[in-house]
Amino acid sequence: MERKIIFSPPDITEEEIEAVAEALRSGWITTGPRTKELEKEIAAYVGSKKAVCLNSATAAEECNLRALGIGEGDEVIVPAYTYTASASAAIHVGAKVVFADILHDRPELDPEQVEKLITPKTKAVIPVDIAGIPCDYKKIYEVVDKKRDMFTPGGNNDSGKKIQKALYRIAVVADGAHSFGASREGVMSGSLADFTSFSFHAVKNFTTAEGGASVWKDFEGVDNEELYHFFQLLSLHGQSKDALAKNKLGGWEYDIIEPFYKCNMTDVCAAIGLIQMKRYASLLERRREIIGKYDAVMDELGVGHLTHYSGEYESSGHLYIIRIPGADDAKRREIIVRMEEMGVPCNVHYKPLPMMSAYKKLGFDIKNYPNAYAYYENAITLPLHTKLSDEDVEFICESFKKVIKGEA
């Protein structure tokens, strides 16, 4: 029988299915006790005082920026090499996106580029933990600390005014969509940046089907309970009570504080997440095993790959990105087709945003981001997920060897 690999299926067991069924039977399927419990577990896992579960990482990043009071007239620096959500969240709040190039040897925001792009209007930098590898946040912090004299606290709401004044520098707002479970120098992703957004989408290591979460550090003079409540307002129409609070005896009345947004997580989704939390350590370990097998093959073939585990950091092992030596875009596409013909679907993470129509319309040109284009030009993402058997991994490796050696 011909083997056919699936690129990125969710790892769902009967335990998650039963948990969802229990949530449905409970009669409480929107934001409720399961969501609140998942928030507590996420906060404890990443080392933050609070976590807010939302319907996506995009919503989480947008809420992070809104909590910082960032909006019209402000600038946000984003890597050119990332998925659109990293930039679109800044656009949603009315800020101007400023793209920075990546390092020449890996898809990580270049601190030197960031330093050159900072202006008095810059209010946030968004490093992106591509593939689950946490960025070097120390270098990013060194840059924003160095530029403190250019920073004037602002903020278009009370939360933003307090936090910007407390920081008195540009905020570091991590896009940790890939890095839930990663760490750097023993510090978990979620405690590395001022604010972090996580993705729990179906293709992520940890899933709630659709979903995400916001976490943040402690800020001097900012009450975490108040900040948590502000996130609740942002995610549920500015309503002063969520459904759980309204359900208490005599608790029907509520107020609308501001005409905000709708991006809360449901208990049906949280039910999946609570089981995933129980399984997550073993899921991360399995990813590490697969990456070890891939690394051995790539090193044998002389194919470049990201380093997921080092003395400095531990990746979440979300994506396995390789670079074909000497290949141009045409050759890379040919390899992907050959792999697919053999039953191994591959992908590319990512086509730089300045190459996308939406960002071209905003005036961006890929020529200004040579490292981003060079990385993209010969990058391929191999399947990496916990539904792969050892036999599947061996099949992927052997197929890749044949394609690279011209035997297929």
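Look up: the structure comes first, before these words.
As the structure is a computational prediction, the values presented were derived from the model and not from experiment. (Residues numbered from 1 in each chain as written. Predicted model: local features only at pLDDT ≥ 70, side-chain atom pairs only at ≥ 80, totals over all residues. Heavy atoms only, no water.)

Counted residue by residue, helix H3 (residues 57–67) has ten buried out of eleven residues, so it is predominantly covered. Every buried residue of H3 is accounted for by Ala57, Ala59, Ala60, Glu61, Glu62, Cys63, Asn64, Leu65, Arg66 and Ala67. Two or three places before threonine 58, at the opening of H3, serine 56 has a side-chain oxygen 3.4 Å from that residue's backbone nitrogen. Glycine 69 occupies a position one or two residues after H3 and carries a positive phi of about 70 degrees. (Buried < 20%, exposed > 50% of the residue type's maximum accessible area, 1.4 Å probe, protein only. Helix = DSSP H or I, 4+ residues; strand = E, 2+ residues; numbered from the N terminus. Polar contact = N/O pair within 3.5 Å; in protein donor to acceptor, adjacent residues only side chain to side chain.)

Another point: the pattern of salt bridges. Throughout the structure, instances matching the rule amount to 25 salt bridges. The salt bridge involving aspartate 392 is made with arginine 3; its shortest N-O contact spans 2.6 Å. Here aspartate 392 is found in helix H14 (residues 390–404), whereas its partner arginine 3 is found in the segment before helix H1 (14–26), with 389 residues between them in sequence. Since its relative accessible area comes to 14%, aspartate 392 is described here as buried. Put simply, arginine 106 and glutamate 108 hold a salt bridge, and the shortest N to O gap is 3.2 Å. Assessed through its relative accessible area of 33%, arginine 106 is described here as partly exposed. One salt-bridge network, in which partners are shared between bridges, spans Asp145, Arg148, Arg169 and Asp194. (Salt bridge = Lys/Arg side-chain N within 4 Å of Asp/Glu carboxyl O.)

The antiparallel open sheet is built from three strands, whose spatial order is E10-E12-E13. The sheet terminates laterally at strand E10 (304–305) and strand E13 (379–382), the two strands that pair on one side only. With four bridges joining them, strand E12 (residues 320–323) and E13 adopt antiparallel strand pairing. Within E13, the residue paired with tyrosine 320 across the bridge is leucine 382. Along the sheet, helix H10 (residues 267–301) makes contact with E10, E12 and E13, crossing E12 at roughly 5 degrees. (Pairing = 2+ DSSP bridges. Contact = heavy atoms within 4.5 Å. Axes fitted to C-alpha atoms, helices over the stretch in contact; angles between N-to-C directions.)

Counted according to the given criterion, the structure contains 21 aromatic pairs. Arranged with centres 6.1 Å apart and planes meeting at 40 degrees, the rings of tyrosine 83 and tyrosine 350 form a pair that is tilted. Taken together, the residues span a long stretch of sequence, with tyrosine 83 in the loop between strand E2 (75–79) and helix H4 (85–92) and tyrosine 350 in the loop between helix H11 (329–341) and helix H12 (357–360) at a distance of 267 residues. Where phenylalanine 180 meets phenylalanine 206, the ring centres are 5.0 Å apart and the plane angle is 65 degrees; that geometry is what we call edge-to-face. Of this pair, phenylalanine 180 sits in the loop between strand E5 (171–175) and strand E6 (183–184) while phenylalanine 206 is found in the loop between strand E8 (195–199) and strand E9 (212–216), placing the two residues 26 residues apart along the sequence. The two residues phenylalanine 180 and phenylalanine 206 agree in class, both being buried. The structure contains a cluster of three or more aromatic residues connected by ring pairs, namely Tyr45, Phe180, Phe198, Phe200, Phe206 and Tyr280. Taking the ring centre of tyrosine 228 as reference, the NZ or CZ of lysine 50 above it sits at 4.7 Å. (Phe/Tyr/Trp six-rings, centres within 6.5 Å; stacked < 30°, edge-to-face > 60°. Lys NZ or Arg CZ within 6 Å of the ring centre and 35° of its normal.)

What follows is about the nonpolar core. By size, the foremost hydrophobic cluster in this structure holds 58 residues, and its most contacted members are Phe99, Phe195 and Leu227. With six residues, the top contributor of residues to this core is helix H8 (residues 224–235). If we ignore the near neighbours within four places in the chain, the residues touching leucine 227 are Ala67, Ser159, Ile163, Phe195, Trp216, Phe219 and Val222. Core analysis: the next-biggest nonpolar cluster, separate from the first, contains 25 residues, Cys346, Leu384, Cys397 and Phe400 among them. (Core = buried A, V, L, I, M, F, W, Y, C linked by side-chain atoms within 4.5 Å.)

Everything listed here is a matter of coordinates, which is why it stays silent on function.
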